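# Close look at the chain arrangement
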Amino acid sequence: MAHYASGTRSKCVVELGSGSGLSGLSICKLFTPSSYTFTDHREDILERIRRNISLNGLQGIPSQSVDVMELDWFCSSEQDAERWKDTDVLLAADVLYDPDLFEPFLLTLNVLTANRGSQVAILLAVKIRAEETFRKFQITAESMGWVLEDISAPDAIGKVFPPGCYSHENCHLFSVAFKSSTR
């Protein structure tokens, strides 16, 4: 992801389903996007992200705006689209573990890209733990008009982590786009 994350430098980035914030913390430290918004749906998770931002010294950097906001995929709205209308990059990492989240996640992508279409780059980092679950996601995405392109660099993980430190088996990075530029 680091190779593609370098494209976030001086960009407005929104991360969907930030969890502990590890992906975003790394991107903010290494590539300095002009703004980075961590999102998740529960207050305890959002508070953990705020704490991790503070522990990593990411608040108060003049050239970078870092924010934490609630975004519930089950009720994303036009307000969310308006809030993030200047987004250049949408990121999501390790969010495809529950099939009940697939449609809400994709509907949220619809909302956040509705008026901007291909102007927003969408990167999805996936650890495929169960082929059947990932195949369900692919089918759901395709049925909703989304195309996934595997842009993984197979040897990249081995360059970041020492051998045996991290199992990068079945780790993929996808570029996600809507099939048609007219919605």
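Above this text sits the structure in question.
We now turn to the structure provided with this report. (Residues numbered from 1 in each chain as written. Predicted model: local features only at pLDDT ≥ 70, side-chain atom pairs only at ≥ 80, totals over all residues. Heavy atoms only, no water.)

### Description of the environment of Val95
Formally: Labels follow the DSSP assignment, with helices taken as runs of H or I lasting at least four residues and strands as runs of E lasting at least two, numbered in each case from the N terminus. Contacts are residue-level and defined by heavy atoms, with any inter-residue pair within 4.5 Å sufficient.
Looking at where Val95 falls in the secondary structure, it is placed in the loop between β4 (89-93) and α5 (102-113). It is 7.4 Å that separates the C-alpha atoms of Val95 and Val126, two residues lying 31 residues apart in sequence. Those residues in contact with Val95 that lie beyond four places of it in its chain are Leu16, Gly17, Trp73, Leu101, Phe105 and Leu124.

### Structural notes on the pairing of strand β5 (residues 121-127)
Keep this limit in mind: Summary of the burial criterion: residues with accessible area below 20% of their type's maximum are buried, those above 50% are exposed, and those between are partly exposed, where the area comes from a 1.4 Å probe applied to protein chains only. Here a strand pair is declared whenever DSSP counts at least two bridges between the two strands.
Counting buried residues along β5, five of its seven residues qualify, which places the element largely inside the surrounding structure. As paired strands, β4 and β5 are joined by five bridges and run parallel to one another. Among the inter-strand pairings, Val89 is bridged to a residue of β5, identified as Ala121. Pairing analysis gives five bridges linking β5 to strand β7 (residues 171-178), with the strands arranged antiparallel. If you follow Leu124 over to β7, its bridge partner there is Phe174.

### Comments concerning the sheet that holds strand β1 (residues 12-16)
Our working rule: Each axis is a line fitted through C-alpha atoms, taken for helices only over the stretch in contact, and angles between the N-to-C directions span 0 to 180 degrees.
Taking strand neighbours across the sheet as the criterion, the seven strands line up as β3-β2-β1-β4-β5-β7-β6 in an open arrangement whose pairing is mixed. With partners counted over all chains shown, the strands left at the sheet margins are β3 (65-70) and β6 (146-150), one partner each. Neighbour-to-neighbour, the strand axes of this sheet turn through a mean angle of 25°, independent of strand direction. Where helix α2 (residues 22-31) meets the sheet, its contacts fall on β1, β2 (35-40), β3 and β4, and the angle it forms with β2 comes to roughly 175°. With respect to the sheet, helix α6 (residues 131-143) is in contact with β5, β6 and β7, its orientation differing from that of β6 by roughly 135°.

### As for the packing of aromatic side chains
Note the following rule: Working definition: a ring pair exists when centres of Phe, Tyr or Trp rings (six-membered ring for Trp) sit within 6.5 Å. Plane angles under 30 degrees give stacked, over 60 give edge-to-face, the rest tilted. Note on criteria: charge over ring means Lys NZ or Arg CZ within 6 Å of the ring centre, with the direction from the centre no more than 35 degrees off the ring normal.
Enumeration according to the criterion identifies seven aromatic pairs in this entry. Taken together, a centroid distance of 5.0 Å and an interplanar angle of 65° make the contact between Trp73 and Phe105 edge-to-face. Of the two residues, Trp73 is situated in the loop between β3 and α4 (78-83) and Phe105 in helix α5; the sequence distance between them amounts to 32 residues. We classify Trp73 as buried; its relative accessible area is 12%. The rings of Trp73, Phe102, Phe105, Phe134, Phe137 and Phe174 are connected pair by pair, giving a single aromatic cluster. Against the face of Trp84 rests Arg83, its NZ or CZ located 4.9 Å from the ring centre.

### Details of the side chain of Thr108
For clarity, the cut-off: The definition of a polar contact used here is a pair of N or O atoms within 3.5 Å, where within protein one atom must be able to donate a hydrogen and the other to accept one, and adjacent residues in sequence count solely through side-chain atom pairs.
Structurally, Thr108 can be placed in helix α5. Given the relative accessible area of 0%, Thr108 is considered buried. One polar contact links the side chain of Thr108 to the main-chain carbonyl oxygen of Trp73, over a distance of 3.4 Å. Aside from chain neighbours lying at most four places away, what touches Thr108 is Leu71, Trp73 and Ser76.

### A short note on the nonpolar core
The nonpolar side chains of soluble globular proteins are, as a tendency, buried together. Operational definition: Side-chain atoms within 4.5 Å link the members of a nonpolar core, which is a set of buried Ala, Val, Leu, Ile, Met, Phe, Trp, Tyr and Cys residues.
Core analysis: the largest hydrophobic core is formed by 28 residues, its most contacted members being Leu16, Phe105, Leu109, Leu124 and Phe137. Listing elements by their share of this core, those giving two or more residues are β1, β4, α5, β5, α6, β6 and β7. Counting residues per element, this core draws most heavily on α5, which supplies five residues. Excluding its chain neighbours within four sequence positions, the residues that come into contact with Leu16 are Thr39, Leu71, Trp73, Leu91, Ala92, Val95, Phe105, Leu109 and Leu112. Counting residues in hydrophobic clusters, the runner-up holds 20 residues, among them Ile27, Phe38, Leu91 and Ala125.

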